[in-house]
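A structural walkthrough
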Amino acid sequence: MQNNKLRFKMYKSGKNWMVAGLMTTAVLAGLTLSNGDVVAHADTAAAATTTTQVANKKQEVSQDQYDAQKAKVATDQTNVNNAQKAVNDAQTAVDNAKNANENAAKVNDAKTAWKNAESDYNKANSDYNNAHKATNTAKAAADEANAYKNNWDKNEADLYNKLQNQISDATATKTAQTKVANDEAAKDKKDDAAYDATAKLQAEAQTNLDKVNADKKATEDQKQDAADYNQSLLDQMNALYQDSQKHKAARDAANAKVAAADKTIRNANKILAPKSDKNPAGRDLLGHKSAADSAAAKQAAYETALQHEKDLKAIRDAARLTANQKKDAYTQARADYNLPNDAEYAEMQKKATGARQKINADKADPAYTAVTDTEGHVKDANKVLNNAKKAVDTIQAKIDTQNDKLAKAQADLDAAKAAAAKDPDDDVLASNVVAKQSIVNAINNRLHGADGKDGAASLMGQLAAAKQNVTDRNNALNWWNKKLDDAKANARYQKLVNDIAYRQSIIDKADQAKANRAAAKGADDAVAPLEAALAQKQSELKTYTDALNADTNILNNMFVKGSDDSKDNGDHNTTGNDTKKDDDKTPASSVDGDKTATGVKEGNSAKSNASQVTMTRAEYRAANKVAAANEASAKNTKNDAKLPQTSNNESTAVIALGAVSAMLGLGLVAKKREF
């Protein structure tokens, strides 16, 4: 499938919003569609919110469905034609309103030119300032790096090389001695394993020797053999032990050399690292070397930045000269046409700005902040008091629970005492009394403490402390409320409140003046609603065009049951397919929201789009006349039921469609937006 899109690209020129690309699209469409050998396409713009997908395989429909869709397309085309006429009329109304006061128009044009030039200068000045800062930064970096390099060459390079050699030698020693230590450890481990195996055999030989010596029937030879075998194993164990000790000593010696090498490396690295409380010997040689090595690159970067700054300075100076010239021209135009600025409104805005600043200062006054701060303290004190009350409730609930347990435990104790009293000699009953008494004592201890004096650790002590805390928090709240009342009663605060109210009235008055100014009569005010109406008509035209394109795509994707989809259906399918494959090099329109660009395939240059849209009023009126003539010619054709672009041979209707497309582009040429 292929998605058709029409892109609207807008850019700002001073205070005007320009539409780039439509003129190119419209002219190309008009010239291309006027060629009788080219198949016209109905969908010059697809829906902004919907990407119409045209299936490779057409949809089979009934004749009634096809006719209904065809009628819908015809209605859409009528709506587009009517909307286009409304756009043309609205554009004419805007032009007439702007021309009603030529003097104001000329002053506004001069003002726009000045503002554009001033904007260009501001950007050029900002670019220069940024470049100047970048140059200073680059110079500082280059100077610092060069200083590091000079110091490095004179004082630090030799020490750095010496330390690197020490690290290299120590690393080699560490590697070699680590291998020795590992080898000796492996040998020691092997000797230990052999020793353990021999010890096991010796233990068995000793057991056998003891058995032979205890056997009265054993001969002296048997006893001697057993003794000799046992002794040989002891000798082997001793030899293995001696070897193991030698390997351990060799391993320890190698490890000592590794430790010494590690120490050498650590000491060297400390000097190479930055100095700190944990590393007082540090000289940051690594950092200094890195800084010294970067000197050449940073010097080159500084020289590049300096040249860039000089270039931007020349651009800024030229822009400043142009801006001053445009400002003088604007001032001269106001003088020539006697159209001064509204001084009263400017003064009112100045006072409003001052009032805003003074209100901010008044609200930062200690007398005012004393109230706002104290209000915050009152709020916090209320919160703390509520928390203290909750703490009392929590402790009281615990006390109630313990009292319930105490009542039950006391009842159990009384029952146990009664039972024991009936049988004083029964130890079990006596023991039960002791146990029940212990429970009662434990609960009383939780409630009142071990000494019964309601200590801080007991629940009753906690309750008393919590209640006291409530009293203290309540006193604190009362204190803050009193302080708040005093702060509000401060004469300075009362004056600030009145001043803020007065200055707010100045701001409100200025804001209302701004709203009234926007509604006042004048050349600009007369144009503004007409331009808004034009924008609305253009939006309606786009909506109808989107609907036409969507319905046309649906119609193009239909064929009547029983017919060959490669043949004409009625009088519509002569338009051919309005999509092209991705590898087709023919320019195609595309829709992406409501932004516009020409239908040129990506990769082609579109730099000329903006210049092709801007037209003078005279050129626009001439284009209107051509479009009107083409539209009248199109209405005289006998194929009103058909789309204007559905026939390859009807170049008149095709030209009319090209004119309509041109008018769509021109309608969006320039919209003045005041800031």
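Residues numbered from 1 in each chain as written. Predicted model: local features only at pLDDT ≥ 70, side-chain atom pairs only at ≥ 80, totals over all residues. Heavy atoms only, no water.

1. Notes on the overall build of the protein chain
Rule in force here: Each helix is a run of H or I in the DSSP string that is no shorter than four residues. Each strand is a run of E no shorter than two, and both are numbered from the N terminus. Burial classes follow relative accessibility: with a 1.4 Å probe on protein chains only, a residue under 20% of its type's maximum area counts as buried, one over 50% as exposed, and anything between as partly exposed. Any two residues having at least one pair of non-hydrogen atoms within 4.5 Å are treated as being in contact. Each accessible area value is a Shrake-Rupley result obtained with a 1.4 Å probe; residue values ignore everything except the protein chains displayed when judging cover.
The number of helices and strands found in the protein chain is 14 helices and 7 strands. When the 675 residues of the protein chain are sorted by exposure, 31% land in the buried category. Across the protein chain, contacts joining residues at least 24 apart in sequence account for 81% of those joining residues at least 6 apart. Summed over all atoms, the accessible surface of the protein chain reaches about 40,300 Å², with 52% contributed by carbon and sulfur.

2. Some thoughts on the packing of helix 8 (residues 366-422) against helix 9 (residues 427-448)
Each pair of packed helices can be described by the angle between their axes along with the distance between the axes. To keep it simple, the criterion reads: Only C-alpha atoms enter the line fits that serve as axes; for helices the fit covers just the stretch in contact. Angles between N-to-C directions range over 0 to 180 degrees. Roughly parallel means an angle under 35 degrees; roughly antiparallel, over 145; roughly perpendicular, 65 to 115; everything else is oblique. Less than a right angle of anticlockwise turn of the near helix away from the far helix marks a crossing as left-handed, whereas a clockwise turn marks it as right-handed. Each residue is assigned to one class: nonpolar for Ala, Val, Leu, Ile, Met, Phe, Trp, Tyr, Cys and Pro, charged for Asp, Glu, Lys and Arg, and polar for all the others, Gly among them.
Where helix 8 contacts helix 9, the two axes come as close as 9 Å, and the packing angle between them is 160 degrees. Considered as vectors, helix 8 and helix 9 are oriented roughly antiparallel to each other. When the axes of helix 8 and helix 9 are compared, the crossing they make is left-handed. When grouped by side-chain class, the residues that make up the contact of helix 8 with helix 9 number 14 nonpolar, 6 polar and 5 charged.

3. Focus: the packing of aromatic side chains
Our working definition: By convention, a stacked pair of Phe, Tyr or Trp rings (six-membered ring in the case of Trp) has centres within 6.5 Å and planes under 30 degrees apart, an edge-to-face pair has planes over 60 apart, and any other such pair is tilted. Working rule: Lys NZ or Arg CZ, within 6 Å of ring centre, within 35 degrees of ring normal, means a charge sits over the ring.
Counted by the stated rule, this structure contains 4 aromatic pairs. Ring plane angle 15 degrees and centroid distance 5.3 Å describe the contact between Trp114 and Tyr330, whose orientation is recorded as stacked. With Trp114 in helix 3 (residues 102-214) and Tyr330 in helix 6 (residues 295-336), the pair connects residues that are 216 residues apart, well separated along the chain. Each member of the pair, Trp114 together with Tyr330, is buried. Looking at Lys115, its charged tip hangs above the ring of Trp114, at a distance of 4.3 Å from the centre.

4. Regarding the pattern of salt bridges
To keep it simple, the criterion reads: Any carboxyl oxygen of Asp or Glu within 4 Å of a side-chain nitrogen of Lys or Arg constitutes a salt bridge here.
Counting across every chain of the model gives 25 salt bridges. Lys149 serves as the salt-bridge partner of Asp153, at 3.1 Å between the closest nitrogen and oxygen. Pair noted here: Asp153 and Lys149 are both in helix 3, with a separation of 4 residues, about one helical turn. Overall, the relative accessible area of 47% leaves Asp153 in the partly exposed class. Residue classification places Lys149 among the partly exposed residues on the basis of a relative accessible area of 35%. Its salt-bridge partner being Lys289, residue Asp293 comes within 2.9 Å of it at the nearest N-O pair.

5. Things to note about the packing of helix 8 against helix 10 (residues 459-489)
Contact pair helix 8 / helix 10: the axes reach a minimum separation of 8 Å and the direction vectors enclose 165 degrees. Considering the angle they form, helix 8 stands roughly antiparallel to helix 10. Taken as a pair, helix 8 and helix 10 cross one another with a handedness that is left-handed. Of the residues assigned to the contact of helix 8 with helix 10, the class counts are 19 nonpolar, 9 polar and 7 charged.

6. Structural notes on the environment of Asn146
Inspection of the secondary structure puts Asn146 in helix 3. On a C-alpha basis, the gap between Asn146 and Asp293 in space is 9.2 Å, while along the polypeptide they are 147 residues apart. Leave out the neighbours within four places in its chain, and Asn146 touches Ala295 and Gln299.

7. A word on the nonpolar core
The following threshold applies: Within this scheme, the nonpolar core is defined by two criteria: the residues are buried Ala, Val, Leu, Ile, Met, Phe, Trp, Tyr or Cys, and they are joined through side-chain atoms within 4.5 Å.
In terms of nonpolar packing, the biggest core is built from 33 residues, with Ile399 and Leu447 touching the most fellow members. Of all the elements in the fold, those that place two or more residues in this core are helix 7 (343-363), helix 8, helix 9, helix 10 and helix 11 (491-519). Per element, the largest residue contribution to this core is 15 residues, and it comes from helix 8. Beyond its immediate chain neighbours, meaning those up to four positions away, Leu447 contacts Ile399, Gln402, Asn403, Leu406, Asp454, Ser458, Leu459 and Met460. If you look at the next biggest cluster of nonpolar residues, it comprises 14 residues, including Tyr66, Ala90, Leu534 and Met558.

8. Quick word on helix 10
Inclusion rule: To estimate how far a helix should extend, the number of its residues minus one is multiplied by 1.5 Å.
Counted at 1.5 Å a residue, the expected span for helix 10 with its 31 residues is 45 Å, and the 44 Å between its end C-alpha atoms agrees. Every buried residue belonging to helix 10 is among Leu459, Gly461, Leu463, Ala466, Val470, Leu477, Trp480, Leu484 and Ala487, and all of these are buried.

9. Re the confidence of the model for the protein chain
Put simply, the test is: The pLDDT value tells you how sure the predictor is about a given residue, anywhere from 0 up to 100.
Mean pLDDT over the protein chain stands at 77; residues scoring 70 or higher make up 70%. Scored below 50 in pLDDT, residues 636-655 shows 37 contacts in the model against residues more than four places distant or in partner chains.

10. Looking at the environment of Gln349
For Gln349, the location among the structural elements is in helix 7. On the basis of relative accessible area, Gln349 is assigned to the partly exposed category, the value being 26%. On a C-alpha basis, the gap between Gln349 and Ile507 in space is 8.3 Å, while along the polypeptide they are 158 residues apart.

11. Some words on a negative patch on the surface
Here is the rule: Residues enter patches when they are more than 30% accessible in relative terms and free of salt bridges; like-charged ones are connected within 9 Å and nonpolar ones (Val, Leu, Ile, Met, Phe, Trp, Tyr) within 5 Å. Only four residue types enter the tally: Lys and Arg on the positive side, Asp and Glu on the negative side; His and the chain ends are excluded. A charged residue contributes its charge at one atom only: NZ of Lys, CZ of Arg, CG of Asp or CD of Glu.
Where like charges cluster on the molecular surface, the negative patch consists of Glu220, Asp221, Asp225 and Asp228. Relative to the elements of secondary structure, Asp221 occurs in helix 4 (residues 220-272). Classification of Asp221 as exposed rests on a relative accessible area of 58%.

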